[in-house]
Amino acid sequence: MSTPSKVVFLLDVDNTLLDNDRVALDLKKYLTRALGEERQERYWVLFEELRRELGYADYLGALQRYRVENPRDPHLLTISWYLVDYPFANRLYPGSLDVIDKFNAWGPTVILSDGDVVFQPRKVQRSGIWEAVEGHVLIYIHKEEELDDVARRYPAQHYVLVDDKPRILAAVKEAWGERVTTIFPRQGQYARDAKAYRPADLTVERIGDLLTHDLSELLSPEVTR
């Protein structure tokens, strides 16, 4: 086993580093133009059904289900191209890559995301995030259930987790306790969910706000003393 790092930074992608709500809105507009309002709405019904089944968003999987219902729709190929070639770099939150650069100077920075095995890696790659974290990317079905694997791959004395989902932050804090600092960027559709879960150790309004914080502020007193 490799020597544990003093600190490892774990960063979510959707609505943490990248405005995924805007991506979904762009897709909705595109589908409305390509398919019409009724079929566009049907795609999102399939999307939500699949998300409930899998526990994560699967845009391409929803398109596959739409295809089963509409096998002769001439727009299927162009929709798939739209998704795969979407300019994700344009949807990064201001300061996202700068935060990664800052974290990289302090310790290994790792993407810790949920998602499918095709579209989610593509999103990380096309946005520039993959290169920024030097390929340190973990994508699970339910990442909060894979903490043993995370710790095995990236052993550390302390972890800093940045995630837009209060549910994930609370689950990881419950599992790791003082071993992790949880940071909640109040962005995206889960911004109002915080009251339903254990508060994060640190809350910021946007990911770029972390540029004003020093390492000592992100580590527990146990680690810094």
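Computed from a predicted structure; not experimentally measured.

Colleague: How should I be thinking about the sheet that holds strand E4 (residues 156-162) in this particular structure?
Modeller: The strands that make up a sheet pair up through hydrogen bonds in the backbone, lying either parallel or antiparallel. The strand order E3-E2-E1-E4-E5-E6 describes an open sheet built from six strands, whose pairing is parallel. Two strands in the sheet have a free side with no partner beyond their single neighbour: strand E3 (137-140) and strand E6 (202-204). Across the sheet, the axes of successive neighbouring strands diverge by a mean angle of 20 degrees, strand direction being ignored. Direction of pairing for E4 relative to strand E5 (residues 180-185): parallel, over a ladder of four bridges. Residue Val160 lies in a different strand from E5, and its bridge partner there is Thr181.

Colleague: Just checking my understanding: could you explain helix H4 (residues 76-84) for this structure?
Modeller: Because each turn of an α-helix spans 3.6 residues, side chains separated by three or four positions end up pointing in the same direction. Within H4, burial applies to Leu76, Ile79, Ser80 and Leu83. Seen from one end, H4 has its buried residues packed into an arc of 100 degrees, which puts them on one side. Exposed residues lying more than 90 degrees from the buried face of H4 are Leu77 and Trp81. Of the surrounding secondary structure, the elements contacted by the buried residues of H4 are helix H1 (20-35), helix H3 (59-69) and helix H6 (119-126).

Colleague: Teacher, can you tell me more about the pattern of salt bridges here?
Modeller: Close approach of charged atoms allows side chains of opposite charge to pair. All told, the structure shown has 18 salt bridges when counted by the stated rule. Through salt bridges with shared partners, a single ionic network connects Asp12, Lys143, Asp163, Asp164 and Lys165.

Colleague: Even after reading the chapter, I still don't get the pairing of E4, so can you show me in this structure?
Modeller: Each regular strand shows side chains that alternate between the opposite faces of the sheet. Among the seven residues of E4, six are classified as buried, and the element is accordingly described as predominantly covered. The pairing of strand E1 (residues 5-11) with E4 spans six bridges and is parallel. Bridge pairing in E4 links Phe9 to Val160. Handedness of the crossover joining E4 and E5 through helix H9 (residues 166-176) is recorded here as right-handed.

Colleague: Please explain the packing of H1 against helix H2 (residues 37-54) as it appears in this structure.
Modeller: Between two packed helices, what matters for the description is the angle formed by their axes and the separation of those axes. The geometry of H1 relative to H2 is characterised by a closest axis approach of 7 Å and an angle of 140 degrees between their N-to-C directions. On the basis of the axis angle, H1 is oblique to H2. With respect to the hand of their crossing, H1 and H2 are arranged in right-handed fashion. Packed against H1, whose contacting residues are Ala24, Leu27, Lys28, Leu31, Thr32 and Leu35, the element H2 presents Glu37, Arg39, Gln40, Tyr43 and Trp44 at the interface. Among the residues making up the contact of H1 with H2, the classes are represented as six nonpolar, two polar and three charged.

Colleague: I'm lost on unusual backbone geometry in this one. Help?
Modeller: Negative phi characterises most residues that are not glycine, and trans characterises most peptide bonds. Unusually for a residue other than glycine, Asn15 sits at a positive phi of about 65 degrees. Looking at where Asn15 falls in the secondary structure, it is placed in the loop between E1 and H1.

Colleague: Before we go on, may I ask you to explain the environment of Pro87 in this structure?
Modeller: Note on placement: Pro87 falls in the loop between H4 and helix H5 (96-104). Residues Pro87 and Asp209, 122 residues apart in the sequence, show an inter-C-alpha distance of 24 Å.

Colleague: Just checking my understanding: could you explain the packing of aromatic side chains for this structure?
Modeller: How two aromatic rings sit relative to each other is given by the distance of their centres and the angle of their planes. This model, assessed by the stated rule, comprises 14 aromatic pairs. Consider the rings of Tyr30 and Tyr82, whose centres lie 4.1 Å apart with planes at 10 degrees: the pair is stacked. One end of the pair, Tyr30, is in helix H1; the other, Tyr82, is in helix H4, and 52 residues separate them in sequence. Taking relative accessible area as the criterion, Tyr30 reaches 16% and is therefore assigned buried. Aromatic side chains Trp44 and Phe47 sit 5.1 Å apart centroid to centroid with 75 degrees between the ring planes, which places their arrangement in the edge-to-face category. Of this pair, Trp44 and Phe47 both sit in helix H2, three residues apart, which is roughly one turn of that helix. Classification of Trp44 by relative accessible area gives buried; the value is 16%. Overall, Phe47 belongs to the buried group, its relative accessible area being 2%.

Analysis parameters
Residues numbered from 1 in each chain as written. Predicted model: local features only at pLDDT ≥ 70, side-chain atom pairs only at ≥ 80, totals over all residues. Heavy atoms only, no water. Pairing = 2+ DSSP bridges. Helix = DSSP H or I, 4+ residues; strand = E, 2+ residues; numbered from the N terminus. Axes fitted to C-alpha atoms, helices over the stretch in contact; angles between N-to-C directions. Buried < 20%, exposed > 50% of the residue type's maximum accessible area, 1.4 Å probe, protein only. Arc of directions from axis to C-beta. Contact = heavy atoms within 4.5 Å. Salt bridge = Lys/Arg side-chain N within 4 Å of Asp/Glu carboxyl O. Right-handed = clockwise from strand over helix to strand, strands pointing away. Parallel < 35°, antiparallel > 145°, perpendicular 65-115°, else oblique. Left-handed = near helix turned anticlockwise from the far one by under 90°. Nonpolar A, V, L, I, M, F, W, Y, C, P; charged D, E, K, R; others polar. Phe/Tyr/Trp six-rings, centres within 6.5 Å; stacked < 30°, edge-to-face > 60°.

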